[in-house]
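# Examination of the molecular architecture
Residues per chain, in single letters:
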Amino acid sequence: MLDAKGLVALAYPVSVVGVGPGSGEYLLPVARAAVQAADVLVGGQNALALFASLGKEQLRIGSDLEVVLAYIETARQDRRVAVLLSGDPGLFSLLPRLRQHLGVDAIAVIPGISSLQLACARLGIKWDDLTVASVHGRGLDGLSAIAGARRAAVLTEPKFPPGMVCRYLLEQRSGFQQAWVLADLGLPGEKISHGSLEAFAGQQGDGNSILILSRDEPDFGSLASADGPTAAAEPAVQPVSKSGEAVGTGWYGDVVTPGLPDKLFMQGEAAMSQEEVRALTLCKARLRRGLVVYEIGAGSGSWTVETARLIFPGTVWAVEKNPTAAALVRANLERFGITNARLAEGAAPEACSGWPPADRVLIGGSGGKLREILDAAAGRWLRPGGLVVITAVTPETFSSAWRLLQEATWSEPETVLVNLARVVPRGPAQVWSGENPVFILSARLAGESLAAGNC
Ligand SMILES: C[S@@+](CC[C@H](N)C(=O)[O-])C[C@H]1O[C@@H](n2cnc3c(N)ncnc32)[C@H](O)[C@@H]1O
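### Considerations on the sheet that holds strand E5 (residues 107–110)
If you walk across this open sheet you meet the 5 strands as E3-E2-E4-E1-E5, and the pairing is parallel. Every interior strand has two partners, whereas the edge strands, strand E3 (57–60) and E5, have only one. Put simply, the sheet's adjacent strands are angled 20° from each other on average, direction ignored. Of the pairings in the sheet, the one linking strand E2 (residues 40–43) to E3 comprises 4 bridges and is parallel in character. For Leu41, the partnering residue across the bridge sits in E3 and is Gln58.

This is how it looks when you write it as structure tokens:
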């Protein structure tokens, strides 16, 4: 664009305007003013409809975002462009794409009343302790964000309506007990319903809704009234003793270090590694958020739970051949509200077919098939640079594992022997009592250095 003196002038900044839930009533005056000042309006069908009477040039945002971005870039050279986003631009919107494409100096963001705010206002609840996820344009994978949350909100869309989300959360044993579906908020057809996840799971429709989920509130009133820092900090974890009874609420829900107390887990016949050994084992796995971790021989599920918490939003793919132990794994996943772990019942390596490429393979039990499992890990499962970690309690398992990790397939073999002793009462005195020693072995898939991108 040239100005009156023939100099190159800067393009106009783009107004990114939050237009609220879709009715004039909830449109902020500052947003209305920005729209009125604009020459060109870009937005979704509902947002544009709000301003149809202004008679401005409009471009509807469709599926081809690149076309829209190019249009905005061209239009802003000589006209004022306002991009209209539903609710508030800071909540699951195009804002990051616009910022990335145009640069932060070329946009002016005008906040709006978000659908989440309006939903919480309708229920009379606060939203600072809600974990928020969206399936809009991202599908059910978006729900990994609410794993373990005590209260959550999900933005839904017609392809992934509340009923489908509730069905999925039930399949995943998410532990949410109640749901509220708030559809068409602030619009003439506004509808608010409340019920169990099972009740909503059978329903169709109500695509563009806010779904509010609660794990433990007995009724609507307590969801509305619970407030204060203790309510927000209460953990999703329900501690239990070895016999399964509750041992108090504890405060482990947001503890980030591995080696959660053994008493938090449901325990049965399946062997469970002690918390200190579990902590060291997971440290040797050098876990990171977002990894894909295989767990061979999940036993009681204590590694599964801890790994899932540490790598979230990555996924644990666990296998367990003993049906009783598999049931215990499921029970512990449910107890901790874990949604980012999958369990196959069967024997490795056969039962692991169809799993995605792994970054780590943890072997807690191999059922006499260590050679086959390590061959599969090296040949098919692990991505370049991936790690294998094995625990061994018998001399036989240790020696065959250590020998196999010396083969050319593996590099950086390492092992430590963990000897634990605890103080126990003996008569009037206290003495040290030694636990069974455990070997932890680890190695890296040969051919890649520590700097390998995915690891
Ligand atoms: C792409 S997200 C945008 C969210 C928006 N930035 C906000 O702050 O509300 C679109 C989702 O917002 C929710 N939504 C928007 N308007 C709504 C309304 N009037 N009633 C209920 N949900 C609404 C729906 O979950 C819809 O799928």
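### Brief notes about the site of the ligand
Around the ligand, the surrounding shell holds 18 residues, and the nearest of these are Leu91, Ser115, His136, Thr156 and Ser209. Pro21 is positioned such that a nitrogen or oxygen atom in its backbone is 3.1 Å from a nitrogen atom of the ligand. Take Leu91: an N or O atom from its main chain is 2.7 Å from a nitrogen atom of the ligand. Isolated, the ligand exposes 560 Å² of accessible area, and the fraction of that covered by the protein chains is 91%. Along the lines of polarity and charge, the residues of the shell around the ligand split into 8 nonpolar, 8 polar and 2 charged.

### Some remarks on the pairing of strand E12 (residues 315–320)
By the criterion of burial, E12 is predominantly enclosed, with 6 of the 6 residues buried. The alternating pattern of E12 places Thr315, Trp317 and Val319 and Val316, Ala318 and Glu320 on opposite faces, both of which are buried. Bridge count between strand E11 (residues 292–296) and E12: 5 bridges; the pairing is parallel. Bridging from a neighbouring strand, Ile296 pairs with Val319 of E12. In this region the chain leaves E11, passes through helix H11 (residues 302–311) and returns to the parallel neighbour E12; the handedness of that crossover is right-handed. As paired strands, E12 and strand E13 (residues 341–345) are joined by 5 bridges and run parallel to one another. Within E13, the position partnered with Ala318 by the bridge is Leu343. Tracing the backbone out of E12, into helix H12 (residues 323–335) and back to the parallel element E13 gives a crossover that is right-handed.

Calculation criteria
- Position numbers for residues count from 1 along each chain, tracking the sequence in the order it is written.
- Given that this is a predicted model, residues contribute local features only at a pLDDT of at least 70 and side-chain atom pairs are listed and counted only at 80 or more, while totals for whole chains, interfaces and linings are drawn from all residues.
- Computation of side-chain values covers all heavy atoms of the structure but excludes hydrogens and water.
- For two strands to count as paired, DSSP must find a minimum of two bridges between them.
- Starting at the N terminus, helices and strands are each numbered in turn, a helix being any DSSP run of H or I of at least four residues and a strand any DSSP run of E of at least two.
- Helix axes are fitted to C-alpha atoms over the stretch in contact, other axes to C-alpha atoms as well, and angles between N-to-C directions run from 0 to 180 degrees.
- One heavy atom within 4 Å of a molecule or strand makes the whole residue count as near it.
- Polar contact is defined as a pair of N or O atoms within 3.5 Å, subject to the rule that within protein one atom must be able to donate a hydrogen and the other to accept it, and that residues adjacent in sequence are counted only when both atoms are side-chain atoms.
- Reported accessibility uses the Shrake-Rupley method at a 1.4 Å probe radius. Residues are deemed covered only where the shown protein chains occlude them.
- Ten residues, namely Ala, Val, Leu, Ile, Met, Phe, Trp, Tyr, Cys and Pro, are considered nonpolar, four, namely Asp, Glu, Lys and Arg, are considered charged, and the remaining ones, Gly among them, are considered polar.
- When accessible area is computed with a 1.4 Å probe and restricted to protein chains, residues below 20% of their type maximum are described as buried, those above 50% as exposed, and intermediate ones as partly exposed.
- If the strands point away from the viewer and the path from the first strand over the helix to the second runs clockwise, then the crossover is right-handed.

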